[in-house]
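Residues per chain are reported as follows:
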Amino acid sequence: MRWALVKVSLAVTTMVVVAFAIPLGLVVREMARDRAFSNAERQAAAVAPALSITTDRDQLERVVASAGSDAGMAVHLPATGGAAAVGLGHRRAAEGDIATVRKLGRASTSEVPGGSALLQPVALSSGEIAVVEVYVPEADVSNGVATAWAVLAGVGLALVVGSVAVADRLGVRMVRPARRLVAGAQELGEGKLGARVPEEGPTELRLAAVAFNSMADQVVQLLANERELAADLSHRLRTPLTVLRLNAASLGEGPAAEQTRAAVAQLEGEVDTIIRTARDAKPRTAAAGPGAGCDAAEVVRERMVFWSALAEDEGRTWRVAGADRPVRIPVARADLAAALDALLGNVFRHTAEGTAFAVDVHNAEDAVIVLVSDAGPGIPDPEAAMARGRGSGSAGSTGLGLDIVRRLAESTGGDVRIGRSVLGGTEVRIWLQVDGRAPVRGGHRGSVRRRRAGRLGSTFNRPRSHP
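These figures come from a predicted structure and were not determined experimentally.

Peer 1: Before we move on, could you go through the overall build of the protein and cite the residues and values that matter?
Peer 2: If you tally the helices and strands in the protein, you get 13 helices and 12 strands. A total of 467 residues make up the protein; the buried ones form 35% of that total. Intrachain contacts of the protein at a sequence separation of at least 6 include 62% that bridge at least 24 residues. Carbon and sulfur atoms form 58% of the exposed surface of the protein, whose accessible area is close to 25,900 Å².

Structure below.
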């Protein structure tokens, strides 16, 4: 905007200067020419009275000398009474021009070397026509023109520079509030809820700043209300959790009782975390940095131990592969555990008892792939299942579990895909980037990732055996 105003001001001022300066310069040049020829006419008029009285050469020479420089004036007398024509002074005009002026009886100018000559006819007492020639040098015709043009050019340049400076200041006055508004919007988009912009500048930008600040205040208020609502809703779960914990305590001893009590304790911990996060308005886990993360193999083994008891109760066969050695990934342990629980919970929730399932961990060059597959009926519409809040369409499906898995993968630059497993049911592939590169939404790198996934997928889909 700033440079646009400067360019517009420069163009407009330049056109105005050209429109006025060039005609004014031409007028100055014409005025200088008229002044030079007016002086020449006055010199010629000073000789005319003497010519009307006498044609004596000596007297005329004295008159010419008194009227002006004899080098710049000449008098041409016609031949009378058998006497030859007489010429006084230095003649520069051509004989033909002089004869034409004498014949026509009116003044004229002719071009001569170094300038122009004014030819003024004068009537003699004998009735003949004499011609007075006044030389006008080119320097007299252009006297002061160059100075006038220089002054006009200087004034025009000063006007252009001044207009550009004024436009630049006006542009700064307009651009600076706009830039502050852009910076404030970027900060608000980055999560800096305290971002505000000064309400100053032109009227339109000032109104925009007022609207932005009002919007930011409303966003802060809405987020605060949502946090309070999440905390209140989570707090309401404490009462049924207390009942579950008391009931679990009365189950006695045994693996199933211990797992039930562990699940209740874990659920209480998750509810407490949600309440604290909502109250403090802080993320539950810190952003992964160099050295941060967890061992995916260890988390997989731990969660499979938890789900294995329920699998045995329902007669499900299961298998874990690739979790026998450490596999570091740049995500928090609790986040990976929540994603695995969401996928395995879907297996138990949406497949019949006795349906087999498996979890595979593959460590590639720059990524870790976690596969959760089952022998169930599969998902009819994988794209709809990945949409947050839509689910697979079956009873009890909210669509939030797969969204948790998707956000976990995309936080590392990876992705989640749903396909058909060799067991005959659903296969959910979690691709987790481990090279620290930013998420990629397409382009060349995305195509490379898909080709790698295809090669790994051909390895994953080999027949498996189940215990």
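Peer 1: Mind laying out the environment of Ala367, listing which residues take part and the relevant values?
Peer 2: Locating Ala367 in the fold gives a position in strand 10 (residues 367-374). Judged by its relative accessible area of 0%, Ala367 is buried. Distance from Ala367 to Trp431, taken between C-alpha atoms, is 6.7 Å for residues 64 residues apart in sequence. Those residues within four positions of Ala367 in sequence are excluded, and the remaining contacts are His362, Trp431, Leu432, Gln433 and Val434.

Peer 1: I'd love a proper account of the pattern of salt bridges, names of residues and values included.
Peer 2: Pairs may arise between side chains of opposite charge once their charged atoms sit close together. Inspection of the entire model under this criterion finds 13 salt bridges. Where Arg303 meets Glu302, a salt bridge forms, and the shortest distance between an N and an O atom there is 3.8 Å. In this structure Glu302 comes out as partly exposed when scored by relative accessible area, which is 36%. The closest approach of N and O atoms between Asp360 and Arg319, which form a salt bridge, is 3.3 Å. Separated by 41 residues along the polypeptide, Asp360 in strand 9 (residues 357-363) and Arg319 in strand 7 (residues 318-321) bring together distant segments of the chain. A single burial state applies to Asp360 and to Arg319, both of which are buried. One salt-bridge network, in which partners are shared between bridges, spans Glu298, Glu302, Arg303, Arg333 and Asp341.

Peer 1: A description of the packing of helix 9 (residues 296-314) against helix 10 (residues 333-350) should follow, citing residues and the corresponding values.
Peer 2: The interhelical angle for the contact between helix 9 and helix 10, taken along N-to-C directions, is 25°, at an axis separation of 10 Å. As far as their axial angle goes, helix 10 and helix 9 are roughly parallel. Between helix 9 and helix 10 lies a crossing whose hand is right-handed. Contacts between helix 9 and helix 10 involve Ala296, Glu298, Val299, Val300, Glu302, Arg303, Met304, Trp307, Leu310, Ala311 and Glu314 on the former and, on the latter, Arg333, Leu336, Ala337, Leu340, Asp341, Leu344, Gly345 and Phe348. Per-class residue counts for the contact of helix 9 with helix 10 are 12 nonpolar, 1 polar and 6 charged.

Peer 1: Give a description of the side chain of Thr426 that names residues and reports values.
Peer 2: Mapping Thr426 onto the fold places it in strand 12 (residues 426-433). Of the residues examined, Thr426 reaches a relative accessible area of 8% and is grouped as buried. A distance of 3.3 Å separates the side chain of Thr426 from the backbone nitrogen of Ile379, its partner in a polar contact. Setting aside anything within four residues of it in sequence, one finds Thr426 in contact with Val372, Ser373, Asp374, Gly378, Ile379, Ile418, Gly419 and Ser421.

Peer 1: Explain the sheet that holds strand 7 to me, and be specific about the residues and the numbers.
Peer 2: Strand order in the open sheet formed by 5 strands is 7-9-10-12-11, with mixed pairing between adjacent strands. A strand with exactly one partner marks an edge of an open sheet, and here the two such strands are strand 7 and strand 11 (415-420). Here the average twist between neighbouring strands, direction ignored, is 15°. Pairing between strand 11 and strand 12: 6 bridges, direction antiparallel. Within strand 12, the position partnered with Val416 by the bridge is Ile430. Contacts from helix 10 reach strand 9, strand 10 and strand 12 within the one sheet, and its direction differs from that of strand 10 by about 15°.

About the criteria used
Residues numbered from 1 in each chain as written. Predicted model: local features only at pLDDT ≥ 70, side-chain atom pairs only at ≥ 80, totals over all residues. Heavy atoms only, no water. Helix = DSSP H or I, 4+ residues; strand = E, 2+ residues; numbered from the N terminus. Buried < 20%, exposed > 50% of the residue type's maximum accessible area, 1.4 Å probe, protein only. Contact = heavy atoms within 4.5 Å. Areas by Shrake-Rupley, 256 points an atom, 1.4 Å probe, with all protein chains shown as cover. Salt bridge = Lys/Arg side-chain N within 4 Å of Asp/Glu carboxyl O. Axes fitted to C-alpha atoms, helices over the stretch in contact; angles between N-to-C directions. Parallel < 35°, antiparallel > 145°, perpendicular 65-115°, else oblique. Left-handed = near helix turned anticlockwise from the far one by under 90°. Nonpolar A, V, L, I, M, F, W, Y, C, P; charged D, E, K, R; others polar. Polar contact = N/O pair within 3.5 Å; in protein donor to acceptor, adjacent residues only side chain to side chain. Pairing = 2+ DSSP bridges.

Without other data, these values stay purely geometric and don't point to any function.
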